[in-house]
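# Close look at the chain arrangement
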Amino acid sequence: EAGVAQSPRYKIIEKRQSVAFWCNPISGHATLYWYQQILGQGPKLLIQFQNNGVVDDSQLPKDRFSAERLKGVDSTLKIQPAKLEDSAVYLCASSLVSGTGNIQYFGAGTRLSVL
Amino acid sequence: AQKITQTQPGMFVQEKEAVTLDCTYDTSDQSYGLFWYKQPSSGEMIFLIYQGSYDEQNATEGRYSLNFQKARKSANLVISASQLGDSAMYFCAMRDPWGGTSYDKVIFGPGTSLSVIP
């Protein structure tokens, strides 16, 4: 079974530029998550989708971050314009459904450096 | 508010020895779940083990076991017979249901860096 796919693996941009990350979840997984992981910290949830609807985006900086999950499968996360403090690893995860005991499976992440 | 605490920023263990990684949590909910993930230097978060708050027995998965003490709100990970490949960051995480909805939120602790010494 293929795992969660993310691209690109690495991205270097200058501040005020825009960037987009792509995620393809495990086939059949209804729930998709985007996390931000700053160096030395645990992942922080940015947004959670159930199929193509947003369940939670309370920690998404909506003035610069946006995310979509068209057709309930692939998802993209965009930052526009980027700030220095956005330098982090962006992790995508998926699970069959949401609920107690449901396991999230993660992709390898995209490491973003904003200069 | 829900919170996960991992008080050991870094740990060392001799190869083939057992090691315990500490995790304490804070929640007012009765139904919740606890996870441990491993993150090697490659960056991917790898699921290790899960314990539900109503599970009466401690979870085990191969060399991993979870020492769940509900009254103390702790969920320590025990790795037996450490291997060099166990060197990684380890994150404790908690799943909390949202106010009776079918959705839930997962929060992660700050992690513990484990180094296995040959």
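Right above here is the structure, for reference.
A brief report on the enclosed structure follows. (Residues numbered from 1 in each chain as written. Chains lettered and ligands numbered in written order. Predicted model: local features only at pLDDT ≥ 70, side-chain atom pairs only at ≥ 80, totals over all residues. Heavy atoms only, no water.)

It is common to give the size of an interface as the accessible area that goes away when the parts come together. Contacts between the two partners involve 22 residues from chain B, matched on the other side by 24 residues from chain A. Counting the surface lost from both chain B and chain A, the interface buries some 1,900 Å², and carbon and sulfur atoms represent 53% of this. Our count for the chain B to chain A interface comes out at three residue pairs in polar contact (both at pLDDT 80 or more). The element contributing the most residues to the side of chain B that touches chain A is strand E11 (residues 104–108) of chain B, with four residues. The residue inventory of the side of chain B that touches chain A, partitioned by class, reads twelve nonpolar, six polar and four charged. (Contact = heavy atoms within 4.5 Å. Buried area = accessible area lost by both parts, 1.4 Å probe. Polar contact = N/O pair within 3.5 Å; in protein donor to acceptor, adjacent residues only side chain to side chain. Helix = DSSP H or I, 4+ residues; strand = E, 2+ residues; numbered from the N terminus. Nonpolar A, V, L, I, M, F, W, Y, C, P; charged D, E, K, R; others polar.)

Residues and elements named next belong to chain A. Scanning the entire structure with this criterion turns up 14 aromatic pairs over all chains. Centroid distance phenylalanine 21 to tyrosine 90: 5.0 Å. Interplanar angle 25°. Geometry classified as stacked. Of the two residues, phenylalanine 21 sits in strand E3 (residues 19–24) while tyrosine 90 sits in strand E9 (residues 88–95), which places them 69 residues apart along the sequence. Like phenylalanine 21, the residue tyrosine 90 is buried in the burial classification. An angle of 40° between the planes, with centres 6.4 Å apart, marks the rings of phenylalanine 65 and tyrosine 90 as tilted. With phenylalanine 65 in strand E7 (residues 65–68) and tyrosine 90 in strand E9, this pair connects stretches of sequence that are 25 residues apart. (Phe/Tyr/Trp six-rings, centres within 6.5 Å; stacked < 30°, edge-to-face > 60°. Buried < 20%, exposed > 50% of the residue type's maximum accessible area, 1.4 Å probe, protein only.)

As a further point, take the pairing of strand E8 (residues 64–69) of chain B. Residue and element names in this part refer to chain B. Of the two faces of E8, the one holding Tyr64, Leu66 and Phe68 is buried and the one holding Ser65, Asn67 and Gln69 is not buried anywhere. Relative to E8, strand E7 (residues 60–61) runs antiparallel, the two being bridged by two bridges. Paired with threonine 60 across the strands is serine 65, a residue of E8. Counting the residues that bridge the hairpin from E7 to E8 gives two residues, and of these glycine 62 lies at a positive phi of roughly 60°. Taken together, the six bridges between E8 and strand E9 (residues 74–79) define a ladder with antiparallel strand orientation. Bridging from a neighbouring strand, leucine 66 pairs with leucine 77 of E9. The antiparallel hairpin formed by E8 and E9 contains four residues in its connecting segment, where lysine 73 sits at a positive phi of about 55°. (Pairing = 2+ DSSP bridges.)

Quick look at the pattern of salt bridges now. Taken as a whole and judged by the stated rule, the model has four salt bridges over all chains. Here A:Arg64 makes a salt bridge to A:Asp86, at a shortest N to O gap of 2.5 Å. Taken together, the positions of A:Arg64 in the loop between strand E6 (53–56) and E7 and A:Asp86 in the loop between strand E8 (75–79) and E9 put the pair 22 residues apart, joining distant regions of the chain. As far as the burial class goes, A:Arg64 and A:Asp86 line up, both buried. Between B:Asp26 and B:Lys73 there is a salt bridge, with the nearest N and O atoms lying 3.7 Å from each other. Taken together, the positions of B:Asp26 in strand E4 (residues 24–26) and B:Lys73 in the loop between E8 and E9 put the pair 47 residues apart, joining distant regions of the chain. Take B:Asp26: its relative accessible area is 39%, and that puts it in the partly exposed class. (Salt bridge = Lys/Arg side-chain N within 4 Å of Asp/Glu carboxyl O.)

Here we come to unusual backbone geometry. Note that the residue after A:Ser7, namely A:Pro8, is joined by a cis bond; omega there is -10°. With respect to the secondary-structure elements, A:Pro8 resides in the loop between strand E1 (5–7) and strand E2 (10–13). That bond from A:Gln80 to A:Pro81 is cis: its omega, -5°, falls within 30 degrees of zero. Among the structural elements, A:Pro81 can be located in the loop between E8 and E9. Even without a glycine there, the phi angle at B:Lys73 is positive, about 55°. Under the relative-accessibility criterion, B:Lys73 is labelled partly exposed at 29%. Even without being glycine, B:Ala81 reaches a positive phi, approximately 45°. Its location among the elements puts B:Ala81 in the loop between E9 and strand E10 (88–97).

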